[in-house]
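# Structural features, examined
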Amino acid sequence: MLFKHSDKIVLASGNRGKIKEIQSILSEHTIITQQSLNITEVEETGSTFIENAILKAKNAALHSKLPAIADDSGLVIDALQGAPGIISARYAGENATNMDNLNLVLKNMQHIPNSERSARFICVIVLMRHANDPFPLIAQASWEGKILTKPQGNNGFGYDPIFWLDKENCSSAELSPAKKNQLSHRAQALQLLEKQLLSYTL
């Protein structure tokens with residue numbers, strides 16, 4: 001059976017910002033959250049974005065008996081040897097807030113010159129038809145920018161206020177939600193996933 005827009009897909013994320021973005025970009029599909037099905041988030045024990053995305057999608061598919069989609073994403077900073085990377089959401093500790101994580105990045109970058117502040121957001125999206133799917137859909141993308149010395153803007157979430165975009169001449173947090181949903185790493189990955197879904201068999 002070819003994928004139909006009316007079919008439900010479980011979204012394996014508890015991050016409100018991610019949920020809002022993914023539901024907006026995949027608005028033609030019926031996306032339900034794992035929280036609405038009382039599915040507990042799985043521990044992210046992978047060493048890469050792809051491994052963690054598969055772990056999350058597999059867990060949601062297993063407990064929902066439905067196709068599941070999961071995103072694993074993060075900020076990769078060259079001057080910090082790739083940190084925060086896969087621990088972007090918990091860079092400052094397991095119970096860290098977005099501001100805690102952001103402030104730790106700024107602290108660790110305080111002596112880095114502007115010419116060496118290159119960074120990128122990475123996003124990997126995985127769609128699994130079922131928990132034992134041997135051939136999940138995988139889409140990945142990156143969004144290039146650099147790290148500011150202080151936050152700018154009130155939109156978005158996470159590290160958006162310190163992620164500067166040369167082409168837009170503003171931070172990610174200064175973009176409108178609609179504009180961000182056209183440009184971001186998550187938007188790019190979801191657009192790639194959408195193309196694959198056109199002929200995907202569930």
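Structure's up top.
Below: a short report on this structure. (Residues numbered from 1 in each chain as written. Predicted model: local features only at pLDDT ≥ 70, side-chain atom pairs only at ≥ 80, totals over all residues. Heavy atoms only, no water.)

### Details of the pairing of strand S5 (residues 137-147)
Formally: Following DSSP output, two strands are said to pair if at least two bridges run between them. Counting from the N terminus, the helices are DSSP H or I runs at least four residues long and the strands are E runs at least two residues long.
Direction of pairing for strand S4 (residues 118-128) relative to S5: antiparallel, over a ladder of ten bridges. Residue pairing across strands places Cys123 opposite Ala141, the latter belonging to S5. Note: S5 against strand S6 (residues 163-165), two bridges, orientation antiparallel. Bridging across to S6, Lys146 finds its partner in Trp164.

### A word on the pairing of strand S2 (residues 30-33)
As a reminder, the rule being used: Using a 1.4 Å probe on the protein chains alone, a residue whose accessible area is under 20% of its type maximum counts as buried, one over 50% counts as exposed, and one in between counts as partly exposed. Think of it like this: strands point away, you trace from the first strand over the helix to the second, and a clockwise trace means the crossover is right-handed.
Alternating positions in S2 separate cleanly, Ile31 and Thr33 being buried on one face and Thr30 and Ile32 remaining unburied on the opposite face. In the sheet, strand S1 (residues 8-11) pairs with S2 via four bridges, with the strands oriented parallel. Considered in S2, the bridge of Ile9 is made with Ile31. As for the winding sense of the linkage, the β-α-β connection from S1 through helix H1 (residues 16-25) to S2 is right-handed.

### Quick notes on the pattern of salt bridges
Put simply, the rule reads: Any Lys or Arg side-chain nitrogen located within 4 Å of an Asp or Glu carboxyl oxygen qualifies as a salt bridge.
Across all of its chains, the model carries ten salt bridges by this definition. Measuring nitrogen to oxygen at the nearest pair gives 3.8 Å for the salt bridge that ties Glu94 to Arg90. Note that Glu144 and Arg120 form a salt bridge whose closest N and O atoms lie 2.8 Å from each other. Of the two residues, Glu144 is situated in strand S5 and Arg120 in strand S4; the sequence distance between them amounts to 24 residues. What makes Arg120 buried here is its relative accessible area of 17%. Through salt bridges with shared partners, a single network forms among Glu44, Lys56, Asp72, Arg90 and Glu94.

### Quick look at helix H3 (residues 98-108)
Put simply, the rule reads: As used here, the arc is the angular range of directions from the helix axis to the C-beta atoms. The contact criterion used throughout is that any non-hydrogen atoms of two residues lie within 4.5 Å.
Buried within H3 are the following residues: Asn101, Leu102, Val105 and Leu106. Down the axis, H3 shows its buried residues gathered within 135° of arc, on one side only. Elements in contact with the buried residues of H3: strand S3 (68-77) and S5.

### A short note on the packing of aromatic side chains
Centre distance and the angle of the planes are the two values used to describe a pair of aromatic rings. Short version of the rule: Put simply, two rings from Phe, Tyr or Trp (the six-membered ring, in Trp's case) pair if the centres are within 6.5 Å, and we call them stacked under 30 degrees between planes, edge-to-face over 60, tilted for the rest.
Taken as a whole, this structure holds three aromatic pairs when the rule is applied. Centroid distance Phe121 to Phe163: 4.4 Å. Interplanar angle 50°. Geometry classified as tilted. With Phe121 in strand S4 and Phe163 in strand S6, this pair connects stretches of sequence that are 42 residues apart. You can call Phe121 buried: its relative accessible area is 6%. Cluster of aromatic residues (ring-pair linked, three or more members): Phe121, Trp143 and Phe163.

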